[in-house]
Amino acid sequence: MEDQSFPGGHGMRIGIVVANWNREVTDALLEGAVNTLVEQGVAEEDIAVQRVPGSYELPQGAAMMIHSTTLDAVICLGCVIQGETRHFEFIAQAVAHGCMNLGLETLTPVIFGVLTTDTFEQARDRAGGKHGNKGVEAAAAAIQMAAFQHLTDLGGDEPGDLQ
Ligand code: RBF
């Protein structure tokens, strides 16, 4: 991590929900996310991974995880590719809103790690290709938000101190 004051994930318990659609891409996102969590100090046994059929099911899968186990954050990983029909906008909007609403309702950080691209190639480029791996960024966001929540739970410093 470039940011030396990045909080680190020691002692955190993180859930990851992964969509099976476009699995080549979502597996690469998962690998990037898990590697980053471990690099940042999250114990492998504290990373819970669950699979759902498609991205549309991600918020529900995340809700099930939050309500069935104690988690510091949940990462939703998926890949929605623009097709010839309007499914793309319905699915992408539903997942984005679902993740946001779940995070606001439960106050468990819910991280949106869903690629929404025009082509499969654009998605691959962002899942371990020339544009990096968005799973890595999702994991970093999860740790940062979990640390933010711990600080506020303790009534501690201002959130701005977490940069
Ligand atoms: N799920 C994805 O994660 N990515 C997609 O690109 C995707 N495309 C879909 C296209 C159509 C026409 C349909 C009906 C579903 C698609 N899904 C996709 C699956 C969706 O997220 C969900 O799993 C199913 O609609 C079942 O609720």
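The structure under discussion appears in the preceding block.
The sections below set out a description of the structure shown in this document. (Residues numbered from 1 in each chain as written. Predicted model: local features only at pLDDT ≥ 70, side-chain atom pairs only at ≥ 80, totals over all residues. Heavy atoms only, no water.)

As for the sheet that holds strand β4 (residues 110-117)
Heads up, the rule is: By definition, two strands form a pair when at least two bridges between them are found by DSSP. In this description a helix means any DSSP run of H or I spanning at least four residues, a strand means any run of E spanning at least two, and both kinds are numbered starting from the N terminus. The angle between two axes is taken between their N-to-C directions and runs from 0 to 180 degrees, where each axis is a line fitted to C-alpha atoms and a helix contributes only its stretch in contact.
One open sheet holds the four strands; their spatial order is β2-β1-β3-β4, and the pairing between them is parallel. Each edge of the sheet is formed by a strand with only one pairing partner; in this case those strands are β2 (47-52) and β4. Ignoring strand direction, the axes of neighbouring strands in this sheet form an average angle of 15°. In terms of strand pairing, strand β3 (residues 73-81) meets β4 through eight bridges, oriented parallel. Counted as the bridge partner of Cys76 is Phe112 from β4.

Some thoughts on the site of the ligand
Heads up, the condition is: Summary of the distance rule: residues count as near a molecule or strand when at least one heavy atom falls within 4 Å of that molecule or strand. Nitrogen and oxygen atoms within 3.5 Å of one another constitute a polar contact, given that in protein one can donate a hydrogen and the other can accept it, and given that sequence-neighbouring residues count only through two side-chain atoms. The protein chains shown are the only cover counted for residues, whose accessible areas, like all others here, come from Shrake-Rupley with a 1.4 Å probe. Method remark: on a 1 Å grid restricted to protein atoms, a set of points is classed as a cavity if a 1.4 Å probe fits but cannot get out and as a pocket if it is open with protein on both sides within 12 Å along at least five of seven lines; lining residues have an atom within 4 Å of a point. A pocket or cavity is taken to hold a molecule when more than half of that molecule's atoms are within 2 Å of the pocket's grid points. In this count, Pro and Cys sit with the nonpolar residues alongside Ala, Val, Leu, Ile, Met, Phe, Trp and Tyr, while Asp, Glu, Lys and Arg are called charged and the others, Gly among them, polar.
The local shell around the ligand consists of Trp21, Asn22, Gly54, Ser55, Tyr56, Glu57, Cys79, Val80, Ile81, His87 and Ile91. In this structure, an oxygen atom belonging to the ligand sits 2.7 Å away from a side-chain N or O atom of Ser55. Taking Cys79, its main chain carries an N or O atom lying 2.8 Å from a nitrogen atom of the ligand. When the ligand sits alone it has 540 Å² of accessible area, and the protein chains cover 67% of it. The cavity where the ligand resides is the second largest pocket. Mapped onto the shell around the ligand, the elements with two or more residues apiece are β3 and α3 (87-106). Among the elements that make up the shell around the ligand, the one with the highest residue count is β3 (three residues). For the shell around the ligand, the class distribution of residues is six nonpolar, four polar and one charged.

Some remarks on the packing of helix α1 (residues 23-39) against helix α5 (residues 134-153)
This is how the line gets drawn: These descriptions rest on fixed angle ranges, namely under 35 degrees for roughly parallel, over 145 for roughly antiparallel, 65 to 115 for roughly perpendicular, and the rest for oblique. By convention the crossing between two helices is left-handed if the near helix lies anticlockwise of the far one by an angle smaller than a right angle, and right-handed if it lies clockwise. Every residue pair with non-hydrogen atoms within 4.5 Å of one another is taken to be in contact.
Viewed as axis vectors pointing N to C, α1 and α5 meet at an angle of 40°, and their least axial separation amounts to 7 Å. Classified by the angle between their axes, α1 and α5 sit oblique to one another. Handedness of the crossing formed by α1 with α5: right-handed. Residue-level contacts link Leu29, Gly32, Ala33, Thr36 and Leu37 of α1 to Lys134, Gly135, Val136, Ala139, Ala140 and Ile143 of α5.

With respect to the state of the cysteines
Condition: When the sulfur atoms of two cysteines come within 2.5 Å, that pair is taken as a disulfide. Partly exposed residues are those whose accessible area sits between 20% and 50% of the maximum for their type, while under 20% is buried and over 50% is exposed, using a 1.4 Å probe and protein chains only.
Within this structure, the stated rule accounts for zero disulfides. Not part of a disulfide, Cys76 finds its nearest cysteine sulfur in Cys99, a span of 3.8 Å. Classification of Cys76 as buried rests on a relative accessible area of 0%. Cys99 gets classed as buried once you look at its relative accessible area, which sits at 2%.

Some points on the pattern of salt bridges
We apply this condition: Whenever a carboxyl oxygen of Asp or Glu lies within 4 Å of a side-chain nitrogen of Lys or Arg, that contact is scored as a salt bridge.
Within this structure, the stated rule accounts for five salt bridges. Close ionic contact of Glu24 with Arg124 constitutes a salt bridge, the shortest N to O distance being 3.4 Å. Taken as a pair, Glu24 in helix α1 and Arg124 in helix α4 (residues 120-125) lie far apart in primary sequence, 100 residues in all. Note on Arg124: relative accessible area 39%, which makes it partly exposed. Residue Glu137 is joined to Lys134 by a salt bridge in which the shortest nitrogen-to-oxygen separation is 3.3 Å. Remark: Lys134 and Glu137 occur in helix α5; sequence separation between them is three residues, near one turn of the helix.

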